[in-house]
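Architecture and fold: a report
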Amino acid sequence: MRIYANQLAQQLSRGLEPFYMVFGDEPFQVDECIRHIRQNARQQGFDEVIKLTAGAQFDWQELDGHYHSLSLFSSRTLIELDLNGQKPAKTGAEHLKRCAQGVNPDCIIVIRGMKASQDVQRSAWFKALDKEGIFVPCYPLTGNHLRRWLDNHCQRLGLNLEGDAKQVLLDTTEGNLLACHQELEKLALLYANKAIDGRTLTGMLLNQNKFDIFDLANAVLGGEGDKAMQVLARLQNDNTEPTAIAWALGKEAQQLLTLAELRHQGQDFNSACKKLGIWKNQQPLYQRALQRLDLARIEQLCDLLSDFDSQFKSGKLSSPYPMLAHISMSFCRTLPFSAPIFSE
């Protein structure tokens, strides 16, 4: 059953489902939905959380083992499966269908993925899970939807944004929910229970030397290695969650991989960008990246990000930022091309 992110809390109040598929290109909403599911599951006795990432070397038998076996530490288990920007392929699809056909009442599977295209939604594994559980698509918010999202978070944080303050914040963060939420949390600390007008908010925002994960993404796409390292250093100083940085880099690697594959299918650059929903002002960055990186290099980037995710989540990576720096610089290295990747 399909529900939207703003309906999830109400659905969870009625009880938990055996499967949740939280898919979308909007990371803050995806993270927030998964966090709500995890919190509700914990309240209902799902005390053990197992995190799996379906990378290139993932053994799907591991999912079966966790799903169909009793836990040594808890009678009820929550499995968070990150598809890592990929489709589950034939083997993974069979394992997911098997889970749907034999529902374990003491286990919940939460699947995280990128935007679920129509071919994904028509697949047998997706339909099987959707029949038994919940599908939550997370779309970028615009217009009234974005405004309502802001109103809800202001109310939750006890913020009073007056006059044009809300519009100032929305214009500044340009639809980036993670950046907007970070600003709201800062405001809650500085101006709790105080009225904030547009002028006050503008002054505060202008005084910040603002870097975020999307600045890093733009820098690596543009091949600006020095800027990428500057932004990454600032993110480290601000204690930005490494998984959020890796997500941003992974999203760009996946976009580049899809663009390169569409090129091999004969699509021109503009059509490919339109299909992927890449904005006009971002397209020159992707063109520059594709002139540096061939398909093999992009696949290597995806493998590096998969390795990072696996090592970080398993606790094997005590210092994640050097590896993030290596991945960022791998985006920026130049490869000679005799002709553009795409014909206009």
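The structure contained in this document is the topic of the report that follows.

What counts and what doesn't
Per chain, residues are indexed from 1 in the order of the written sequence. Whole-chain, interface and lining totals are the exception, using all residues; otherwise, since this is a predicted model, local features are given only for residues with pLDDT of at least 70 and side-chain atom pairs are given and counted only at 80 or more. Hydrogens and water molecules were not included; the side-chain quantities draw on all heavy atoms of the structure. Note on ring pairs: Phe, Tyr and Trp rings are taken, using the six-membered ring of Trp, and paired if centres are within 6.5 Å. Classes follow the plane angle, with under 30 degrees stacked, over 60 edge-to-face and the rest tilted. Helix and strand labels come from DSSP, where a helix needs a run of H or I of at least four residues and a strand needs a run of E of at least two; each type is numbered from the N terminus. For each residue, the accessible area found with a 1.4 Å probe, counting protein chains only, is set against the maximum for its type, and the residue is called buried under 20%, exposed over 50%, and partly exposed in between. A pair of strands is considered paired only if DSSP assigns at least 2 bridges between the two. Axis definition: a line fitted to C-alpha atoms, limited for helices to the stretch in contact. Angles are taken between N-to-C directions and run from 0 to 180 degrees. Contacts are assigned to residue pairs that have any heavy atoms within 4.5 Å of one another. Note on definitions: salt bridges are taken to be side-chain nitrogens of Lys or Arg within 4 Å of carboxyl oxygens of Asp or Glu. Buried residues of nine kinds, namely Ala, Val, Leu, Ile, Met, Phe, Trp, Tyr and Cys, make up a nonpolar core once their side-chain atoms join them within 4.5 Å. By definition in this entry, angles of less than 35 degrees are roughly parallel, angles greater than 145 are roughly antiparallel, angles of 65 to 115 are roughly perpendicular, and the rest are oblique. Here is the rule for handedness: rotate from the far helix to the near one, and if that takes an anticlockwise turn smaller than a right angle the crossing is left-handed, while a clockwise turn gives right-handed. Here the term charged refers only to Asp, Glu, Lys and Arg, the term nonpolar to Ala, Val, Leu, Ile, Met, Phe, Trp, Tyr, Cys and Pro, and the term polar to all other amino acids, Gly among them. As used here, the arc belongs to the directions running from the helix axis to the C-beta atoms.

1. What about the packing of aromatic side chains?
Taken as a whole and judged by the stated rule, the model has nine aromatic pairs. Centroid distance Y4 to Y139: 6.4 Å. Interplanar angle 40°. Geometry classified as tilted. You can see Y4 sitting in the segment before α1 (8-13) and its partner Y139 sitting in the loop between β5 (134-138) and α7 (143-157), a full 135 residues away along the chain. With a centroid separation of 6.2 Å and 55° between ring planes, the pair formed by F23 and F126 is classed as tilted. With F23 in strand β1 (residues 19-24) and F126 in helix α6 (residues 124-132), this pair connects stretches of sequence that are 103 residues apart. For F126, a relative accessible area of 2% corresponds to the buried category. Every member of this aromatic cluster is reached through a ring pair, and the members are F23, W125, F126 and F135.

2. Looking at the sheet that holds strand β3 (residues 77-82)
Read from one edge of the open sheet, five strands run β2-β3-β4-β1-β5, paired in parallel fashion. Since the sheet does not close on itself, it has two edges, and those belong to β2 (48-53) and β5, each with one partner. Strand-to-strand twist across the sheet, computed as the mean angle between neighbouring axes with direction ignored, equals 15°. Alignment of β1 against β5, held across five bridges, turns out to be parallel. Bridge assignment links G24 to a residue of β5, and that residue is C138. The strands touched by α6 within the sheet are β1, β4 (107-113) and β5, with β1 carrying the most contacts at an inclination of about 120°.

3. Section: unusual backbone geometry
Although it is not a glycine, A89 sits at a positive phi angle of roughly 60°. The exposure class of A89 is exposed, given its relative accessible area of 54%.

4. A short note on the pattern of salt bridges
Under the criterion given, the structure shown has 10 salt bridges. The closest approach of N and O atoms between R38 and E80, which form a salt bridge, is 2.6 Å. Within this pair, whereas R38 is found in helix α2 (residues 27-43), its partner E80 is found in strand β3, the two being separated by 42 residues in sequence. Classification of R38 by relative accessible area gives partly exposed; the value is 21%.

5. Side note on helix α11 (residues 213-221)
Considered for burial, the residues of α11 that qualify are I213, L216, A217, A219, V220 and L221. Elements that come into contact with the buried residues of α11 comprise α9 (177-190), α12 (225-237), α13 (242-264), α15 (283-292) and α17 (320-332). Within two residues after α11, G223 carries a phi angle of roughly 75°, on the positive side.

6. Thoughts on the nonpolar core
By size, the foremost hydrophobic cluster in this structure holds 42 residues, and its most contacted members are L216, I245, L249, L256, L324 and F331. With 11 residues, α13 is the single largest residue contributor to this core. Within the second largest apolar cluster, 26 residues are counted, among which are F19, A100, A116 and V120.

7. Details of the packing of α7 against helix α8 (residues 165-173)
The contact between α7 and α8 brings their axes to 11 Å, and the two run at 115°. Taken together, the axes of α7 and α8 lie roughly perpendicular to each other. Between α7 and α8 lies a crossing whose hand is right-handed. Here α7 contributes L146, R147, L150, D151 and C154 to the contact with α8, which in turn contributes K166, Q167, L169 and L170. A class-by-class count of the residues in the contact of α7 with α8 yields five nonpolar, one polar and three charged.

8. Some words on α6
Three- or four-residue spacings in an α-helix give side chains the same orientation, since the helix completes a turn every 3.6 residues. What α6 keeps buried is the set W125, F126 and L129. Down the axis of α6, the sector holding all buried residues measures 100°, keeping them to one side. Contacts made by the buried residues of α6 are with β1, α4 (89-101), β4, α5 (118-121) and β5.

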